[in-house]
Amino acid sequence: QQAFGKLTLALPRVRVNGSILWTPTKADGTLTAYDGATPNFINRAQSGLAANIDRGYETDLTSGTGSVNITLTPSSMLSARGGVFRDKYNDTGIPLITPYTYGNSTESVNNIIPPSLQGPSGFPNTPRAQITDFDTTKRMTFDVEYLNVFDGAGTHSIQGGYGFQRTTNDINSFYPGGYVNIFWGSTLPQSGLTGTYGYYEVNDRWIANKAGNNIHSLFIEDQWNVNPRLTLNLGLRTENEKIPTFRPEFLETAFQFGFGDKLAPRLGAAYDLHGDGRVKLFGSWGLYYDWTKYELVRGSFGAETWCIHYRGLETLDLG
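Residues numbered from 1 in each chain as written. Predicted model: local features only at pLDDT ≥ 70, side-chain atom pairs only at ≥ 80, totals over all residues. Heavy atoms only, no water.

Trainee: What's the story with the pattern of salt bridges in this structure? I'm lost.
Mentor: If charged atoms from side chains of opposite charge come close, those side chains can pair. Across all of its chains, the model carries eight salt bridges by this definition. In this structure, the salt-bridge partner of Arg81 is Glu145, at a minimum N-O distance of 3.0 Å. Of this pair, Arg81 sits in strand E4 (residues 76–92) while Glu145 is found in strand E6 (residues 131–151), placing the two residues 64 residues apart along the sequence. With a closest N to O distance of 2.8 Å, Asp135 and Arg298 form a salt bridge. Placement of Asp135 in strand E6 and of Arg298 in helix H1 (residues 294–300) is noted, with a sequence separation of 163 residues between them. (Salt bridge = Lys/Arg side-chain N within 4 Å of Asp/Glu carboxyl O. Helix = DSSP H or I, 4+ residues; strand = E, 2+ residues; numbered from the N terminus.)

Take a look at the structure:
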């Protein structure tokens, strides 16, 4: 489903536009992949699949934009526009059961464990699922531009401006109690760790915390009609970008690109070969810089953690 609204106000020298879009999505139930040794076979008990019946997700996307265009003179204009974007994702219907998987079969201990616990390698109690309690991204933008058209060695249409963008990401994603691998009747290599029934490892994986950064940008561009047959496009854009960490209590900024690091020129030319508009020769060249994605920041600067704990298996109470 979605909802959309738009408002426009037109005055003799001012035009105002505003819009909002809301697009929520919800899904219930998750299909289970075949993982057995033969085609179309699932290597788990029917009770282990019950959790997927209610497992789903929700997304809530909301965006709004607004702009103001002011005609200053017949040859100049001032424009400003802004926008907000919010994307929230969360999993639903995933039980808070610590998932475990057999790292090997129970064959070596079948004589001392009950039949209800016996199983092959890879046998799980419930589908392993990392629960995203929330993953929210917000982006706010603002741009102001000035356009002026004038004559001088041809006709110039010069446009310049400033842009601001702030992006934040807030996330909490985890395995309930970690996820466990059980090694029946085995000893942890190189350590000698074991218990009455073997040993197990607890993988405690989290993606958590909040980070945000600002990007400032400047640009200028000239569409220069040198004569009726030749048009040049000359421009330069630059940005100042701070890349944050998800642990600001230790390090607020991971690294930064200054205005001198992201100089991006634009060069283009178009030539009307015969002067009648039927054949045109054109070419362009430029440098372009992308923004640093938060996937890099999550993995390298504090959001993602993974700790593995090894313990001897001394009980048959696997719950």
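From this point, things continue past the structure.
Trainee: Mind showing me how you'd approach empty space enclosed by the protein here?
Mentor: Where empty space is left in the structure can be found by rolling a water-sized probe over the atoms. With the rule as written, the count across this model stands at one cavity of 30 Å³ or more. Empty space within the largest cavity amounts to approximately 70 Å³. Contributing to the lining of the largest cavity are 11 residues, with Ile94, Pro95, Thr126, Pro127 and Ala129 lying nearest its centre. Tallied by class, the residues present in the lining of the largest cavity amount to eight nonpolar, two polar and one charged. (1 Å grid on protein atoms, 1.4 Å probe; cavity = no way out; pocket = protein on both sides within 12 Å on 5 of 7 lines; lining within 4 Å. Points joined across faces, edges and corners; volume = space filled by probe spheres on them. Nonpolar A, V, L, I, M, F, W, Y, C, P; charged D, E, K, R; others polar.)

Trainee: Would you mind showing me how to read the environment of Val279 here?
Mentor: Inspection of the secondary structure puts Val279 in the loop between strand E12 (264–272) and strand E13 (280–286). Among residues more than four places away in sequence, those in contact with Val279 are Tyr271, Asp272, Leu273 and His274. (Contact = heavy atoms within 4.5 Å.)

Trainee: Explain the pairing of strand E8 (residues 179–184) to me, please; I cannot follow it from the model alone.
Mentor: Within E8, six of the six residues are buried, leaving the element largely enclosed by the surrounding structure. Along E8, one buried face is formed by Tyr179, Asn181 and Phe183 and the opposite face, lined by Val180, Ile182 and Trp184, is buried too. The pairing of strand E5 (residues 100–102) with E8 spans three bridges and is parallel. The residue of E8 that forms the bridge with Tyr100 is Val180. (Buried < 20%, exposed > 50% of the residue type's maximum accessible area, 1.4 Å probe, protein only. Pairing = 2+ DSSP bridges.)

Trainee: Is there a simple way to explain the nonpolar core in this structure?
Mentor: What tends to happen in soluble globular proteins is that the nonpolar side chains get buried as a cluster. Core analysis: the largest hydrophobic core is formed by 13 residues, its most contacted members being Tyr102, Ile182, Trp184 and Leu318. Where this core is concerned, the elements lending two or more residues are E5 and E8. No other element matches the three residues that E8 contributes to this core. Ile207, Ile243, Tyr294 and Val297 belong to the second largest nonpolar core, which has eight residues in total. (Core = buried A, V, L, I, M, F, W, Y, C linked by side-chain atoms within 4.5 Å.)

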